[in-house]
Amino acid sequence: MRIVIHKNYETLSKWVADYVVNKIKKANPTPEEPFVLGLPTGSSPLGTYKELIKLYEAGSISFKNVITFNMDEYVGIPEDHSQSYHYFMLKNFFDHIDIPKENINILDGNAPDLEKECLEYEEKIKDIGGIDLFLGGIGPDGHIAFNEPGSSLSSRTRVKTLCYDTILANSRFFNNDLHKVPKTALTVGVGTIMDAREVLVIINGYKKARALKQVVNEGVNHMWTVSILQFHQHAIIACDDEATMELKVETIKYFKDIEKIALDTLP
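What you see is a predicted model, and the numbers here were worked out from it, not measured in a lab.

Rules behind the numbers
- Residues numbered from 1 in each chain as written.
- Predicted model: local features only at pLDDT ≥ 70, side-chain atom pairs only at ≥ 80, totals over all residues.
- Heavy atoms only, no water.
- Core = buried A, V, L, I, M, F, W, Y, C linked by side-chain atoms within 4.5 Å.
- Buried < 20%, exposed > 50% of the residue type's maximum accessible area, 1.4 Å probe, protein only.
- Helix = DSSP H or I, 4+ residues; strand = E, 2+ residues; numbered from the N terminus.
- Contact = heavy atoms within 4.5 Å.
- Pairing = 2+ DSSP bridges.
- Axes fitted to C-alpha atoms, helices over the stretch in contact; angles between N-to-C directions.
- Salt bridge = Lys/Arg side-chain N within 4 Å of Asp/Glu carboxyl O.
- Parallel < 35°, antiparallel > 145°, perpendicular 65-115°, else oblique.
- Left-handed = near helix turned anticlockwise from the far one by under 90°.
- Nonpolar A, V, L, I, M, F, W, Y, C, P; charged D, E, K, R; others polar.

Enquirer: Before we go on, may I ask you to explain the nonpolar core in this structure?
Expert: Buried together is how nonpolar side chains tend to be arranged in soluble globular proteins. Within the largest apolar cluster, 41 residues are counted, with the highest numbers of intra-cluster contacts made by Phe63 and Phe93. The set of elements that each furnish at least two residues to this core consists of helix H1 (9-27), strand S2 (35-39), helix H2 (46-57), helix H3 (85-92), strand S6 (133-137), strand S9 (199-203) and strand S10 (235-240). Considering every element that reaches this core, the biggest residue donor is H1, with eight residues. Ignoring sequence-local partners within four residues, the contact set of phenylalanine 63 consists of Ile24, Leu52, Tyr56, Phe93, Ile97, Asp98, Ile99 and Pro100.

What follows is the structure in structure tokens.
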């Protein structure tokens, strides 16, 4: 697992955006062979989305031949609700780039048959040939997507009941009213994420420091679901200095040295 440590959230976001763009360019996608990108919501990727928009506006990248699959969506709120993840993605990313509408895939939290919606989402990912790069973020408790502590590490896209801590944390987006926060969501599973050819997770801020410590210094544990990345052949954690506050000093030095040596040996 590669750990890339940046000075702050701004430099972290620029690095992640550049990495995504370089991956798309290297793939040289076409309508017949698109680049398939998994995407998250939440605060972690906001800086990356802003940087990707800048790169698009500068003419550095096109998303016309990119197909996206989002990680999750609440159950039971309209797609145009200000807190739906459909709305989030349009406002913060899709409305500002040239991705065709038909290339955007987000789970339908208002589908008449939620189980069928989840199964069909998995099938659609499989039919397109799998996800090339899954971008993600985590919660302070180390959950990825809505795979909260205790989730199966082989789980697939499914309906997930949210825990009290998640509902409480998300109430800030619903006027601090717990009753307005959806209690269930649709989410890709841990196994779905692990199927991607590459996974890149953004971990920033001191509030995520304990989770990063669990992922890097401890073993794989279903109570910290993102720790499963230890088993992925091509996993990257991009973090900032604040998020490393609970890592061992030698661990931080080790990963910083590796990146420096790699940079120094580039032609």
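Enquirer: Is there a simple way to think about the sheet that holds strand S4 (residues 72-74) in this case?
Expert: Sheets are built from strands paired through backbone hydrogen bonds, the pairs being either parallel or antiparallel. Strand order in this open sheet of three strands is S4-S8-S7, and the pairing throughout is antiparallel. Here the strands that pair on one side only, and so sit at the sheet edges, are S4 and strand S7 (158-161). Within the sheet, the average angular offset between the axes of one strand and its neighbour, ignoring direction, is 30°. One ladder, built from four bridges, connects S7 with strand S8 (residues 184-187); its direction is antiparallel. Following the sheet pairing, arginine 158 is matched in S8 by threonine 187. Against the sheet, helix H4 (residues 114-127) contacts S7 and S8, and its axis sits at roughly 125° relative to S7.

Enquirer: In this structure, what is going on with the sheet that holds S9? I would like to understand it.
Expert: Strand order in this open sheet of seven strands is S1-S10-S9-S6-S2-S3-S5, and the pairing throughout is parallel. The sheet is open, and its two borders are formed by strand S1 (2-6) and strand S5 (104-105), each paired with just one other strand. Alignment of S1 against S10, held across five bridges, turns out to be parallel. Each residue of the ladder has a partner; that of valine 4, found in S10, is alanine 238. The strands touched by H4 within the sheet are strand S3 (66-70) and S5, with S3 carrying the most contacts at an inclination of about 150°.

Enquirer: What should I look at first to understand the pattern of salt bridges in this one?
Expert: Tallied over the full model, the rule gives ten salt bridges. As a salt-bridge pair, lysine 116 and glutamate 120 come within 3.9 Å of each other at their nearest N and O atoms. You can see lysine 116 and its partner glutamate 120 sitting in helix H4, four residues apart, about one turn around the helix. Relative accessible area serves as the criterion here: at 46%, lysine 116 is assigned to the partly exposed category. Residue aspartate 132 pairs with arginine 197 through a salt bridge whose shortest N-O separation is 2.9 Å. Residue aspartate 132 is found in the loop between H4 and S6, and its partner arginine 197 is found in the loop between helix H6 (190-194) and S9; the two are separated by 65 residues along the sequence.

Enquirer: Would you take a moment to explain the packing of H1 against H2 for this structure?
Expert: Angle between the axes and distance between the axes: these two values describe a pair of packed helices. Between H1 and H2, whose axes approach to 8 Å, the crossing angle comes to 55°. By the angle between their axes, H1 is oblique relative to H2. Crossing angle aside, the handedness with which H1 passes H2 is right-handed. Judged by residue contacts, Tyr9, Ser13, Lys14, Val16, Ala17, Asp18, Val20 and Val21 of H1 engage Leu46, Gly47, Thr48, Glu51, Leu52 and Leu55 from H2. A class-by-class count of the residues in the contact of H1 with H2 yields eight nonpolar, three polar and three charged.

Enquirer: I would appreciate a short explanation of the pairing of S8 in the present structure.
Expert: On any regular strand, side chains alternate: one points to one face of the sheet, the next to the other face. Judged from the three bridges that link them, S4 and S8 form a sheet pairing that is antiparallel. Of the residues in S8, the one forming a bridge with aspartate 72 is threonine 187.

Enquirer: Explain unusual backbone geometry here, please?
Expert: With the exception of glycine, most residues fall at negative phi, and the peptide bonds are largely trans. You will see that asparagine 28, though not glycine, has its phi angle at about 50°, which is positive. Along the chain, the position of asparagine 28 falls in the loop between H1 and S2. Relative accessible area serves as the criterion here: at 58%, asparagine 28 is assigned to the exposed category. Positioned with a positive phi, asparagine 176 is a non-glycine residue whose angle comes to about 60°.

Enquirer: Sorry if this is basic, but what is going on with the environment of asparagine 22 here?
Expert: Relative to the assigned elements, asparagine 22 resides in helix H1. Using a relative accessible area of 49% as the deciding quantity, one classes asparagine 22 as partly exposed. With 39 residues separating them in the primary sequence, asparagine 22 and isoleucine 61 have C-alpha atoms 8.9 Å apart.

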